[in-house]
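The residues making up each chain are set out below.
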Amino acid sequence: MFLAGEAGVIDINGTVIVELITFLVMLAILARYVYPEIVRVAEARQRAIAEQLQEAEKSRVDAEARLKEAQAKLEDARKTAQGVIDAASKSAEQLRAEIKEKAEDEAKRTTESARKEIEAERDRALQSVRGEVAGLVVAATEKVIGETLDVTKHRQLIERAIEEVASGDGRR
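Residues numbered from 1 in each chain as written. Predicted model: local features only at pLDDT ≥ 70, side-chain atom pairs only at ≥ 80, totals over all residues. Heavy atoms only, no water.

Peer 1: Before we move on, could you go through the overall build of the protein and cite the residues and values that matter?
Peer 2: Scanning the protein from terminus to terminus reveals 2 helices and 2 strands. Its helices and strands in sequence order give the protein the pattern β-β-α-α, from N to C terminus. By the burial criterion, 5% of the 172 residues in the protein qualify as buried. Entry remark: accessible area of the protein is about 15400 Å², with carbon and sulfur atoms responsible for 60%. (Helix = DSSP H or I, 4+ residues; strand = E, 2+ residues; numbered from the N terminus. Buried < 20%, exposed > 50% of the residue type's maximum accessible area, 1.4 Å probe, protein only. Areas by Shrake-Rupley, 256 points an atom, 1.4 Å probe, with all protein chains shown as cover.)

Written out as structure tokens, the structure is:
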């Protein structure tokens, strides 16, 4: 005997129908109000993540561009610094050459001045020696001859004596 409402293993009674209706109403409420909200939040989150990824990529590209620009500026600064160093080295070399040339010129002038001074001193010494030789010759002549010579003979004798001394042979 079968009762109405019994179907094999599952016992269908009023509570199952109420539970089934409650489940379907709940499913309809979830599908109508909750599920669209969950989908909306998930899509918003997905859009936010996509925007963040785009911003991150843009930031990475910007950072790479700034890095390249900074590297170019650094290389420019290095080239400028090397140019300044090269110019300073060249300037220092020119200055050293000019100082050396000035020192050499000053040394030449000093040497020439000393040579002229030595020559002048030698000429003064020769004049002094000639004067002394002339005095000695006059004195020796007076003693040998026993008389004083006149001025012209005196000069002639002195000049001849100086020439003999200067020639170094001592002959007349």
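Peer 1: With reference to specific residues and values, describe a negative patch on the surface.
Peer 2: Among the surface-exposed residues, E98, E101, E104 and D105 lie close enough to one another that they form a single negatively charged patch. Exposure remark for E98: the relative accessible area of 45% places this residue in the partly exposed category. (Patch = residues over 30% accessible without salt bridge, like charges linked within 9 Å, V, L, I, M, F, W, Y side chains within 5 Å. Salt bridge = Lys/Arg side-chain N within 4 Å of Asp/Glu carboxyl O. Lys, Arg positive; Asp, Glu negative; His and termini not counted. Charge placed at Lys NZ, Arg CZ, Asp CG, Glu CD.)

Peer 1: Tell me about a nonpolar patch on the surface, and name the residues and values.
Peer 2: On the surface, a nonpolar cluster with roughly 840 Å² of combined accessible area is contributed by I17, I21, V25, M26, I29, L30, Y33, V34 and I38. With respect to the helices and strands, the residue L30 is situated in helix α1 (residues 14-145).

Peer 1: Account for the pattern of salt bridges, with residues named and values stated.
Peer 2: When the charged atoms of two side chains with opposite charge come close together, those side chains can pair. For the coordinates displayed, the defined rule picks out 11 salt bridges. Among the salt bridges present, the one from E75 reaches R78, with a minimum N-O distance of 4.0 Å. Pair noted here: E75 and R78 are both in helix α1, with a separation of 3 residues, about one helical turn. The class for E75 is partly exposed, based on a relative accessible area of 37%.

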